[in-house]
Amino acid sequence: MAIDKFDILTSTGVPLPAENVDTDQIIPARFLKATSREGFGENLFRDWRYDKAGKPVKDFVLNNPKYSGKILVAGKNFGSGSSREHAAWAIFDYGFRVVVSSFFADIFKNNAMNNGLLPVQVSEEFLKKIFAEIEKDPKVQLEIRLEEQTITLLSTGESEHFEINPYKKLCFLNGYDDIDFLLSKKEKIMAFEQQREQE
Amino acid sequence: MKPKTLFDKIWDSHVVDSVPDGPDVLYIDRHYIHEVTSPQAFSGLRQRGIPLFRPERTLATADHNIPTKNQDKPIREELSRIQVQTLEKNCKEFGVELYGLGHPYNGIVHVIGAELGFTQPGMTIVCGDSHTSTHGAFGSIAFGIGTSEVEMVFASQCVLQPKPKKMRINIEGTLGKAVTAKDIILYIISQISASGATGYFVEYAGSAIRSLSMEARMTICNMSIEMGARGGLIAPDEITFEYVKGREFAPKGKDWDRALEKWKNLKTDPDAVFDKELDFRAEDIRPMITYGTNPGMGIAIDGTIPALEEIPEAEQPSFLKALKYMDFEPGMKLEGHPVDYVFLGSCTNGRIEDIRAFAALVKGKKKAENITAWIVPGSRQVEKQAYEEGLVDILKEAGFELRQPGCSACLAMNEDKIPAGKYSVSTSNRNFEGRQGPGARTLLASPLTAAAAAVTGKITDPASLM
């Protein structure tokens, strides 16, 4: 149940410049009826991606053959709203391994990290640059180096440092699992319970 | 001793361990689960071959998928039925108390947790649902988690969490006519935006908050997540204790006295420091309504949608996209705009007080012909009370019917979907694109404003009808 290991990723990016993309857009509620984690990628951004007749919406970015890659580049406040982890599953299942934005909603960020999807938070200026470079040339590559905590636009060589909690970084680099970690704390947890009983 | 905030006091007393440079191992007192975000977590336990560590601290209900009619019959929609049955199977296998369809305690997870007294002051509470923040109304730390974290709680009764920053929002003064808790929270979010409290846990304080009932406080805390906060809380007081006393899971006898003794200390020390403080005046708040596609896009009911120049340049594309979806124009007035649907319900406004407020306003009036109204209680107990108090008769005389409890048209996972292009004045918490059904146009408002729209057929200031 460990997550995929993550170290260095070089890939083109898929631009989604909208702000406040909420998890209802990432995966609408009517697709939350599954009882497994698989298959959500099919309905990623369902209502932006397909029209009412189920035909792909031409100008939506996932349907544009110009764009591809393992990095989703999104506008500010990405992943707001519902706590549904299905949003992170859908993005991962579709094939993305990184989401770049200038701001992430808290629960989404946790959910992403718990599933091996790396949220990379960059400055507004750098995000603008990335969007501009991808618009100029969809083949432009982004490089994410987790050990160094850097994201680099390979076309211009411009680079930015990003923050990640050291514990979470370790989990990504080694494919660690939080639940195994918590289970290793069982005795401490039981001692804590006993102490609280007595209070 | 260093002065502490209420949030610090509760958080610190629940830390089992801390990962160096990492999150805390936070002990969880109460875990609520429902059918949508739990199946994969149960599968995880099964794959690991481990039991649920503390089933007695867990309470389950079916709410998101369930129909609001014919609840005595099998659920028609196959995937919904399977998901609800999977919850039943999982609860049985892992020893969790389930208030499923047909049970007198069934209802929306955040409504029943409070009304059963399972939620109590000073606790840590989580659920795989962002509106878990509701329970902060009792002076507890309550927040939504993802399914991986549901599995963490199943396995260890703990979650790994970095400690959030702290914000205090003070609202002083007296509320005006027809201004309710829902208007307070919609006003705050409109002032600080849908991401204005991201990274923070919010304590609500001030005379306007203290004057509110528990149900009204729950409405406020419920929508904390809509400004990005992990959760919101309100220090418990006599109103809180009175509400909890005598409920199913509340402590009794000597245990009650002991609990009360502890709960009375649950407040922020006078000199405690917050990372951020905001002040608002109750007198500035009018009945509110949203015009856009996130809960931060709210205005006073007699106000106008901002002009394009009033919106920061970077946000203009999102603003215009939202207005296009809603078919509104910048600078437009909403009052008098026709409405097609009215939805009273959800974990924000599906409690008995909300139905009382709606019934009081529609009493002696008639439902407007162009309106389809869905009035959905938050729980079986609320439903029962609405009948006992004669509210259902009042509603009937005015042309409305009470449906059966559930999440319903808040997120439209069941059959209650607002058709594409239709306008819905909704007492729920989200006006996202497609939230109430693909293409649905949602205007968030209080139960009073919803009632006013239901009888006039258009957006109306409820104060004008009272």
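The coordinates are above.
As the structure is a prediction and not an experimental result, all values here were calculated from the model.

1. Description of the overall build of chain A
Consideration 1: When helices and strands are counted, chain A shows eight helices and seven strands.
Consideration 2: Expressed along its principal axes, the backbone C-alpha trace of chain A runs to roughly 65 × 45 × 25 Å.
Consideration 3: Buried positions account for 56% of the 199 residues belonging to chain A.
Consideration 4: Summing over all exposed atoms, chain A offers an accessible surface of approximately 8,800 Å²; the carbon and sulfur share of this is 48%.
Consideration 5: Side chains of chain A carry 26 positive and 31 negative charges; the gap between the two charge centres is 5 Å.

2. Let's talk about helix H6 (residues 181-192) of chain B
Residues and elements named next belong to chain B.
Consideration 1: With 12 residues, H6 ought to run about 16 Å at 1.5 Å a step, and its terminal C-alpha atoms sit 17 Å apart, in line with that.
Consideration 2: The element H6 is largely enclosed, with a buried count of 10 among its 12 residues.
Consideration 3: The first or second residue beyond H6 is Ser 193, which carries a positive phi of 80 degrees.

3. Structural notes on the interface of chain A and chain B
Consideration 1: Every contact between the two is made by 54 residues of chain A and, on the other side, 66 residues of chain B.
Consideration 2: Each partner contributes to the roughly 5,000 Å² buried at the junction of chain A and chain B, and carbon and sulfur atoms together form 57% of this total.
Consideration 3: Taken together, the links from chain A to chain B amount to nine salt bridges.
Consideration 4: With a closest N to O distance of 2.7 Å, A:Lys185 and B:Asp17 form a salt bridge.
Consideration 5: Taken together, the links from chain A to chain B amount to 30 residue pairs in polar contact (both at pLDDT 80 or more).
Consideration 6: Those elements that provide at least two residues to the side of chain A that touches chain B are helix H1 (23-26), helix H2 (46-49), helix H3 (86-94), helix H4 (106-113), helix H6 (166-174), helix H7 (178-183) and helix H8 (186-198) of chain A.
Consideration 7: Top contributing element to the side of chain A that touches chain B by residue count: H8(A), with seven residues.

4. Things to note about the packing of aromatic side chains
Residues and elements named next belong to chain B.
Consideration 1: By the definition in use, this model includes 26 aromatic pairs over all chains.
Consideration 2: Ring plane angle 15 degrees and centroid distance 5.4 Å describe the contact between Phe 328 and Tyr 423, whose orientation is recorded as stacked. Note that Phe 328 is positioned in the loop between helix H11 (316-326) and strand E15 (341-344) and Tyr 423 in strand E17 (residues 423-426), a separation of 95 residues in sequence.
Consideration 3: Residue classification places Tyr 423 among the buried residues on the basis of a relative accessible area of 8%.
Consideration 4: When the ring centre of Phe 118 is taken as reference, the NZ or CZ atom of Arg 30 above it lies at 4.2 Å.
Consideration 5: Its end group placed over the ring of Phe 53, Arg 54 keeps NZ or CZ at 3.9 Å from the ring centre.

5. Focus: the sheet that holds strand E5 (residues 97-99) of chain B
Hydrogen bonding along the main chain pairs the strands of a sheet, whether they run parallel or antiparallel.
All names here are of chain B.
Consideration 1: Within the open sheet, the five strands sit side by side as E5-E4-E3-E6-E7. Their pairing is parallel. The outermost strands of the open sheet, each flanked by one partner alone, are E5 and strand E7 (141-144). Neighbour-to-neighbour, the strand axes of the sheet open up by a mean angle of 20 degrees, direction not taken into account.
Consideration 2: In this sheet, E7 lies alongside strand E6 (residues 124-127) in parallel orientation, the contact comprising four bridges. Bridge pairing links Cys 127 to Gly 144 in E7.
Consideration 3: Along the sheet face, helix H3 (residues 78-94) touches strand E3 (30-33), strand E4 (58-61) and E5 and points at about 155 degrees away from the line of E5.

6. A closer look at the packing of helix H13 (residues 352-362) of chain B against helix H14 (residues 380-388) of chain B
All names here are of chain B.
Consideration 1: One way to put it is that H13 packs onto H14 with a least axis distance of 9 Å and a crossing angle of 35 degrees. In terms of crossing hand, the pair formed by H13 and H14 is right-handed. Here H13 contributes Ile 352, Ile 355 and Arg 356 to the contact with H14, which in turn contributes Val 382, Gln 385 and Ala 386.
Consideration 2: When its residues are assigned to classes, the contact of H13 with H14 shows four nonpolar, one polar and one charged.

7. Description of the pattern of salt bridges
Consideration 1: All told, the structure shown has 41 salt bridges over all chains when counted by the stated rule.
Consideration 2: In this structure, B:Glu77 engages A:Lys33 in a salt bridge whose closest nitrogen and oxygen atoms are separated by 3.4 Å. Residue B:Glu77 is found in the loop between E4 and H3, and its partner A:Lys33 is found in the loop between H1 and H2; the two belong to separate chains.
Consideration 3: A relative accessible area of 6% places A:Lys33 in the buried class.

8. Structural notes on unusual backbone geometry
Consideration 1: Located in the positive-phi region is A:Asn77, a residue other than glycine, with phi close to 60 degrees.
Consideration 2: Looking at the secondary structure, you find A:Asn77 in the loop between strand E2 (71-74) and H3.
Consideration 3: With a phi close to 55 degrees, B:Ala412 is a non-glycine residue in the positive phi region.
Consideration 4: Take B:Ala412: it is sitting in the loop between helix H15 (391-397) and E17.
Consideration 5: The exposure class assigned to B:Ala412 is buried, which follows from its relative accessible area of 3%.

9. So, the sheet that holds strand E7 (residues 159-161) of chain A
Residues and elements named next belong to chain A.
Consideration 1: What the seven strands build is an open sheet, ordered E4-E3-E2-E1-E5-E6-E7; its pairing is mixed. Whereas interior strands pair on both sides, the edge strands pair on one side only; in this sheet they are strand E4 (118-121) and E7. Here the strands of the sheet are splayed against their neighbours by 30 degrees on average, with no regard to which way each runs.
Consideration 2: Direction of pairing for E2 relative to strand E3 (residues 98-101): parallel, over a ladder of three bridges. When the sheet's bridge partners are listed, Leu 72 is paired in E3 with Val 99.

10. Comments concerning the nonpolar core
Consideration 1: A:Phe45, A:Phe78 and B:Phe358 are the most contacted members of the largest nonpolar core, which has 114 residues in total.
Consideration 2: The element contributing the most residues to this core is helix H16 (residues 447-456) of chain B, with seven residues.
Consideration 3: Those residues in contact with A:Phe78 that sit more than four places away from it in its chain are A:Leu16, A:Val21, A:Ile26, A:Phe45, A:Leu72, A:Ile91, A:Val99, A:Ser101, A:Phe103, A:Phe104, A:Ala105 and A:Phe108.
Consideration 4: Counting 92 residues, the second-largest nonpolar core is a separate cluster that includes A:Phe192, B:Ala60, B:Ala114 and B:Ala181.

11. Description of the environment of B:Lys267
All names here are of chain B.
Consideration 1: With respect to the element layout, Lys 267 can be found in the loop between helix H10 (253-263) and strand E12 (276-281).
Consideration 2: In this structure the C-alpha to C-alpha distance between Lys 267 and Phe 7, which are 260 residues apart in sequence, comes to 8.6 Å.
Consideration 3: Excluding anything up to four places from it in sequence, Lys 267 contacts Lys 4, Leu 6, Lys 9 and Ala 235.
Consideration 4: Of note is the side chain of Lys 267, whose polar atom sits 3.5 Å from the backbone oxygen of Lys 264.

12. Here's the deal with the state of the cysteines
Consideration 1: Scanning the model with the defined rule gives zero disulfides over all chains in all.
Consideration 2: Left unpaired, B:Cys158 is separated from the closest cysteine sulfur, that of A:Cys171, by 16 Å.
Consideration 3: Cysteine B:Cys407 is unpaired, with the sulfur of B:Cys347 as its nearest cysteine sulfur at 6.7 Å.
Consideration 4: Residue class for B:Cys407 comes out buried when judged on its relative accessible area of 7%.

13. Concerning the packing of helix H2 (residues 39-48) of chain B against helix H5 (residues 147-156) of chain B
Residues and elements named next belong to chain B.
Consideration 1: It is the contact of H2 with H5, at a shortest axis distance of 8 Å, that shows an interaxial angle of 50 degrees. Classified by the angle between their axes, H2 and H5 sit oblique to one another. The crossing of H2 and H5 is right-handed. Of H5, the residues touching H2 (which contributes Gln 40, Ala 41, Phe 42, Gly 44, Leu 45 and Arg 48) are Thr 147, Val 150, Glu 151, Phe 154 and Ala 155.

14. Structural notes on the environment of B:Ile108
Consideration 1: With respect to the secondary-structure elements, B:Ile108 resides in the loop between E5 and helix H4 (109-115).
Consideration 2: As a C-alpha pair, B:Ile108 and B:Ser346 span 238 residues in sequence and 7.5 Å in three-dimensional space.

The rules behind the values
- Residues numbered from 1 in each chain as written.
- Chains lettered and ligands numbered in written order.
- Predicted model: local features only at pLDDT ≥ 70, side-chain atom pairs only at ≥ 80, totals over all residues.
- Heavy atoms only, no water.
- Helix = DSSP H or I, 4+ residues; strand = E, 2+ residues; numbered from the N terminus.
- Buried < 20%, exposed > 50% of the residue type's maximum accessible area, 1.4 Å probe, protein only.
- Areas by Shrake-Rupley, 256 points an atom, 1.4 Å probe, with all protein chains shown as cover.
- Lys, Arg positive; Asp, Glu negative; His and termini not counted.
- Charge placed at Lys NZ, Arg CZ, Asp CG, Glu CD.
- Expected span 1.5 Å × (residues − 1).
- Contact = heavy atoms within 4.5 Å.
- Buried area = accessible area lost by both parts, 1.4 Å probe.
- Salt bridge = Lys/Arg side-chain N within 4 Å of Asp/Glu carboxyl O.
- Polar contact = N/O pair within 3.5 Å; in protein donor to acceptor, adjacent residues only side chain to side chain.
- Phe/Tyr/Trp six-rings, centres within 6.5 Å; stacked < 30°, edge-to-face > 60°.
- Lys NZ or Arg CZ within 6 Å of the ring centre and 35° of its normal.
- Pairing = 2+ DSSP bridges.
- Axes fitted to C-alpha atoms, helices over the stretch in contact; angles between N-to-C directions.
- Left-handed = near helix turned anticlockwise from the far one by under 90°.
- Nonpolar A, V, L, I, M, F, W, Y, C, P; charged D, E, K, R; others polar.
- Core = buried A, V, L, I, M, F, W, Y, C linked by side-chain atoms within 4.5 Å.
- Disulfide = S-S within 2.5 Å.
- Parallel < 35°, antiparallel > 145°, perpendicular 65-115°, else oblique.

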